[in-house]
Amino acid sequence: MPSSDSFYITTPIYYVNGKPHIGHVYTTLLADCMNRFQKMTHHKSFFLTGVDEHGLKVQQTAEARGLSPKELCDEVAASFSSCFTNEFNFQFDRFIRTTDEDHVCTASKLWSILATNGFIYKANYEGWYCVSDETFVTEANSTPGVDKDGNPCRYSNDSGHICILVNEENYMFRLSAFQEPLAAYYAAHPNVIIPAHRQREIEQFIAAGLKDISVSRSVKKVSWGIPVPGDSDHVMYVWIDALSNYLTGSGWPDPTNIWPASFHLLGKDIIRFHCIYWPAFLLAAKIPLPQRYFVHGWWMVNQQKMSKSYGNSIDPIEVARKYGVDTLKYFMLREASPETDPSISEDGIVARLNSDLANGIGNLLLRCWAQSLLPTRKWPNPASISSTPGDSFASCQQKLVAKQSIASVVATLNPSEKVLVSINADLANTLVTSANGLSILCIEHMQDLLTSKTLGCIFDVVESINNYIQTSEPWRLGKSPETAPARDFVMYIAMECLRICATLLIPFMPDKMSKLLNQLGVPDNLRWIDENALTVGRTAAGCSLGENQGILFQKYEEVKESSSAPKKAQKPSKKAQTAEVKVE
Ligand code: MSP
């Protein structure tokens, strides 16, 4: 059971009509990243994901395969849950299924409250129903056409899927009663939807007028659903059932529940359900509204939305196995921002892998662990540049963690002229200042789940560390006893800045970054995202380096082909095996 002071993060529950694709993995990845980030910033956090099992589409697919709907759901739910856990190492707290007993109770309870409060009524309803999207569409939101037998039908403007005319007695929800309250709510909460342009879209939609919606289907047409309380001739139409999963996951109506959600994550395809229907249901039931929504775009392949029907789906498991799970995670979290539709391609993944990961942070780790630069196999002592023999690390550390300038840290150590020149104090100061400010900056960006911005800031520092090493040439400094202390200073600063970057990267690439920190020998008590732990100077000189964890990121090289041949796959680089580390 979630605890009441938890941060609460949700993903949409996914339809069980196929195997998980990149889009499902992406939303769940975002939630996993935020959940880990919250935990590393000392917050309790509860992460809910799962599957949406009821509806006509599942009923029809199961029939076509000669299975019962529950059998089909069991099979697909297991494939989602296994993909999320075993392939992607997502640490969700609950995998909800809408056939779960407690969910059936919650959805029924919500329905009963809506009915008791006078917001549900029965009416004869005629409308165009899109089975594929499990939604009714308006005339304005669809285009007339003919079906494969030549009968008149309509096609959804949003998805292009076919819609059939449905005429039956349904239960209706008085959405129209919430036009004013919803408009007032969004006016009073201008930043509740990220990105801002999506909130404006919703405000305009509300301003254009809200009509009552059908919330049930006759069992004669759809039997695979939660029965309407008190009327077994009807089942709930999927969206009351589906959206109330967020309440079930919170433990509602138990008094210890963690409702409201801190963050609902979703793709732009289902924004109206989440940002209009859902708050209206909650207002009608007098239940608090979610605190924020994060709405992202669609992953595109060759300028087209990735989808099974276009035949351009990329299998997330295949790509993750080929390039590495954390490489795919990094690619997606780095490339996508909520304002746009991001593009995915193997070339794009390889470019990020080779530059930021293999050449960037992977190379940096090799430098910060190299035998020739760290001959004692321990964290070097920056105070060894002192002209006073035996000057201790403690006084130097005190100044570093108090964030004094590198110039003032160095001044008290009073090194020889040659050492002073060698450590590039100005460059070190700029680097340390940015590394020390990084945790605050990342926490700020991650409040809005801006993963691309967060990663951009961290990788700017990774680049600066590599530049600092490149400019200072510790491999040269180590060759003379006179300048060897400068090498220790340079390496200590570089390693501390790398430690800060890698710790901040744990929520994004948990497996690789834990390996990196293990190899550096970073103690567990420093693996937190807070300003205190993430300040240069925290790691004690003399701390032992860890074991070699192997090549962190394997570089890929393009197979060069004649210009007429289509671009071919990539192959692992031999160079990467030996690591491009300049240590002398
Ligand atoms: N079952 C409903 C959601 C109910 S939530 C109460 C549903 N399911 S779905 O299987 O179609 O999943 C839709 C979600 O999957 C999107 O909102 C998004 O989170 C993710 N994506 C599916 N395709 C996507 C892309 N091509 N790109 C990015 N995300 C996409 O709708």
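Along each chain, the written sequence defines residue order, and numbers are assigned to residues from 1. Reporting of local features is limited, given that this is a predicted model, to residues whose pLDDT is at least 70; pairs of side-chain atoms are given and counted only at 80 or more, and all residues count toward the totals for whole chains, interfaces and linings. Values reported for side chains reflect all heavy atoms of the structure, with hydrogen atoms and water molecules removed beforehand.

Engineer: Any chance you could break down the sheet that holds strand 12 (residues 227-228) for me, citing the residues and the numbers?
Structural biologist: Any two strands are treated as partners once DSSP identifies two or more bridges connecting them. Put simply, DSSP marks the helices as runs of H or I at least four residues long and the strands as runs of E at least two long, and each gets a number from the N terminus on. On the basis of which strands lie adjacent, the open sheet formed by 3 strands has the order 11-13-12 and antiparallel pairing. This sheet does not close on itself; its edge strands, each paired only once, are strand 11 (216-218) and strand 12. Looking at chain direction, strand 11 and strand 13 (residues 231-236) are connected through 3 bridges and run antiparallel. Note on strand 13: the bridge partner recorded for R217 is V235.

Engineer: How would you sum up empty space enclosed by the protein? Please name residues and give values.
Structural biologist: Cavities and pockets are defined on a 1 Å grid built over the protein atoms alone: a cavity is a set of grid points where a 1.4 Å probe fits but cannot escape, while a pocket is an open set with protein on both sides within 12 Å along at least five of seven lines, and lining residues are those with an atom within 4 Å of any such point. Grid points are joined across faces, edges and corners, and a volume is the space filled by probe spheres set on the points. The full count for this structure, using the stated rule, is 1 cavity of 30 Å³ or more. The calculated volume of the largest cavity comes to roughly 60 Å³. G55, L56, Y129, E134, R217, V222, W224, G225, V235, M236, Y237 and V238 together form the lining of the largest cavity. Any residue that is not Ala, Val, Leu, Ile, Met, Phe, Trp, Tyr, Cys, Pro, Asp, Glu, Lys or Arg is counted as polar, Gly included; the first ten are nonpolar and the last four charged. Of the residues in the lining of the largest cavity, the class split is 8 nonpolar, 2 polar and 2 charged.

Engineer: Which residues make up the side chain of R94, and what are the values?
Structural biologist: Its place among the elements puts R94 in strand 3 (residues 94-97). Polar contacts involving the side chain of R94 include one to the side chain of D102, which spans 2.8 Å. Those residues in contact with R94 that lie beyond four places of it in its chain are F46, F47, L48, T49, D100, D102, T248 and G249. Throughout this description, a polar contact denotes any pair of N or O atoms lying within 3.5 Å of each other; where both atoms belong to protein, one of them has to be capable of donating a hydrogen while the other can accept it, and for residues adjacent in sequence the pair is counted only when both atoms sit in side chains. When checking whether two residues touch, look at their non-hydrogen atoms; a contact exists if any pair is within 4.5 Å.

Engineer: Tell me what's going on with the site of the ligand, and back it up with residues and numbers.
Structural biologist: Proximity is defined per residue: if any heavy atom of the residue lies within 4 Å of a molecule or strand, that residue is considered near it. Close to the ligand lie 24 residues, the nearest being I13, T27, D52, G267 and W299. Take I13: an N or O atom from its main chain is 2.8 Å from a nitrogen atom of the ligand. Contact distances for the ligand include 2.8 Å between a nitrogen atom and a backbone N or O atom of W299. Only the protein chains shown count as cover for residues, and the accessible areas themselves come from Shrake-Rupley with a 1.4 Å probe. About the coverage of the ligand: the protein hides 95% of its 670 Å² of free accessible area. Breaking the shell around the ligand down by element, the ones donating at least two residues are strand 1 (7-15), helix 1 (22-40), helix 7 (238-243) and helix 8 (245-250). The element that contributes the greatest number of residues to the shell around the ligand is strand 1, accounting for 4 residues. Tallied by class, the residues present in the shell around the ligand amount to 12 nonpolar, 9 polar and 3 charged.

Engineer: A description of the packing of helix 17 (residues 451-472) against helix 19 (residues 484-505) should follow, citing residues and the corresponding values.
Structural biologist: Between two packed helices, both the angle of their axes relative to each other and the distance between the axes serve to describe the pair. Orientation is described by lines fitted to C-alpha atoms, with helices fitted over the stretch in contact, and by angles between N-to-C directions that extend from 0 to 180 degrees. For the pair helix 17 and helix 19, interaxial distance at closest approach is 10 Å and the crossing angle is 165°. Judged on the interaxial angle alone, helix 19 and helix 17 are roughly antiparallel. For the element pair helix 17 and helix 19, the recorded crossing hand is left-handed. Residues L455, I458, F459, V461, V462, I465, Y468, I469 and S472 of helix 17 form the contact with helix 19, whose own contacting residues are F489, V490, I493, A494, C497, L498, C501, L504 and L505. Each residue belonging to the contact of helix 17 with helix 19 can be placed in one class, and the counts come to 17 nonpolar, 1 polar and no charged. In what follows, roughly perpendicular refers to angles from 65 to 115 degrees, roughly parallel to angles under 35, roughly antiparallel to angles over 145, and oblique to any angle outside these ranges. Definitions for this section: a left-handed crossing has its near helix turned counterclockwise from the far helix by less than a right angle. A right-handed crossing has that turn clockwise.

Engineer: I'd love a proper account of the sheet that holds strand 2 (residues 45-52), names of residues and values included.
Structural biologist: Taken in spatial order, the 6 strands make up an open sheet running 3-2-1-14-15-9, and their pairing is parallel. A strand with exactly one partner marks an edge of an open sheet, and here the two such strands are strand 3 and strand 9 (193-194). Of the pairings in the sheet, the one linking strand 2 to strand 3 comprises 4 bridges and is parallel in character. Bridge assignment links V51 to a residue of strand 3, and that residue is R97. Packing against the sheet, helix 3 (residues 69-87) makes contact with strand 1, strand 2 and strand 3, and its axis sits at approximately 160° to strand 3.

Engineer: An account of the pairing of strand 15 (residues 293-296) is needed here, citing residue identities and associated values.
Structural biologist: Along any regular strand, the residues point their side chains to alternate faces of the sheet. Throughout, exposure labels follow a simple rule: accessible area from a 1.4 Å probe, protein chains only, divided by the maximum for the residue type, with under 20% read as buried, over 50% as exposed, and the rest as partly exposed. Along strand 15, one buried face is formed by Y293 and V295 and the opposite face, lined by F294 and H296, is buried too. The pairing of strand 9 with strand 15 spans 2 bridges and is classified as parallel. Within strand 15, the position partnered with I194 by the bridge is F294. As paired elements, strand 14 (residues 263-267) and strand 15 share 4 bridges and run parallel to each other.

Engineer: Explain the packing of aromatic side chains residue by residue, including any values.
Structural biologist: Working definition: a ring pair exists when centres of Phe, Tyr or Trp rings (six-membered ring for Trp) sit within 6.5 Å. Plane angles under 30 degrees give stacked, over 60 give edge-to-face, the rest tilted. Summed over all chains, the structure comprises 31 aromatic pairs. Following the ring pairs from residue to residue traces out a cluster consisting of F119, F173, F178, W239, F273, Y277 and F281. Over the ring of Y15 we find K57, and its NZ or CZ is 4.4 Å from the ring centre. Here, a charge over a ring is recorded when the distance from Lys NZ or Arg CZ to the ring centre is within 6 Å and its angle to the ring normal is within 35 degrees.

Engineer: Give a description of the environment of E547 that names residues and reports values.
Structural biologist: Within the secondary structure, E547 is located in the loop between helix 20 (510-520) and strand 18 (556-558). Separated by 498 residues in the primary sequence, E547 and T49 place their C-alpha atoms 36 Å from one another.

Engineer: Residues and numbers for the nonpolar core, please.
Structural biologist: Throughout, nonpolar core names a set of buried Ala, Val, Leu, Ile, Met, Phe, Trp, Tyr and Cys residues whose side chains join them through atoms within 4.5 Å. Counting 126 residues, the largest nonpolar core has I344, I361, I465, I493, M513 and L516 as the members making the most contacts within it. At 15 residues, the largest contribution of residues to this core is made by helix 19. With residues near it in sequence (within four places) discarded, I465 still touches L364, L431, A494, C497, L498 and C501.

Engineer: Outline the pattern of salt bridges, supporting the account with residue identities and numerical values.
Structural biologist: Salt bridges, as used here, are contacts in which a Lys or Arg side-chain nitrogen is within 4 Å of a carboxyl oxygen on Asp or Glu. Overall, the coordinates contain 28 salt bridges when judged by the stated rule. For the salt bridge of E201 with R198, the shortest nitrogen-to-oxygen distance reads 2.7 Å. Of this pair, E201 and R198 both sit in helix 6 (residues 196-207), 3 residues apart, which is roughly one turn of the helix. When its relative accessible area of 9% is taken as the criterion, R198 is described as buried. Across the pair K403 and E531 runs a salt bridge, and its minimum N-O distance is 2.8 Å. Residue K403 is located in the loop between helix 13 (393-401) and helix 14 (406-413), and its partner E531 is located in the loop between helix 20 and strand 18; the two are separated by 128 residues in the primary sequence. Overall, the relative accessible area of 36% leaves K403 in the partly exposed class. Taking relative accessible area as the criterion, E531 reaches 37% and is therefore assigned partly exposed. Connected through salt bridges with shared partners, the residues E53, K70, D74 and R97 form a single ionic network.

Engineer: Tell me about the environment of F47, and name the residues and values.
Structural biologist: Among the structural elements, F47 can be located in strand 2. Using a relative accessible area of 0% as the deciding quantity, one classes F47 as buried. Along the sequence, F47 and S392 sit 345 residues apart, while their C-alpha atoms lie 46 Å from each other. Residue contacts for F47: discarding those within four places in its chain leaves I9, T11, T28, A31, D32, N35, Q91, F92, D93 and R94.

Engineer: Outline helix 9 (residues 271-284), supporting the account with residue identities and numerical values.
Structural biologist: Given a helix with a known number of residues, its expected span is that number minus one, times 1.5 Å. The end-to-end C-alpha separation of helix 9 is 19 Å, in line with the 20 Å expected for 14 residues at 1.5 Å each. In this analysis the local bend is the angle between axes fitted, respectively, to the seven residues ending at and the seven residues starting at the residue. Helix geometry: helix 9 is bent most strongly at Y277, by close to 25°, with proline P279 lying one to four residues after it. A large share of helix 9 lies buried, amounting to 12 of its 14 residues. By the burial criterion, the buried members of helix 9 are I271, F273, H274, C275, I276, Y277, W278, P279, A280, F281, L282 and A284.

Everything listed here is a matter of coordinates, which is why it stays silent on function.
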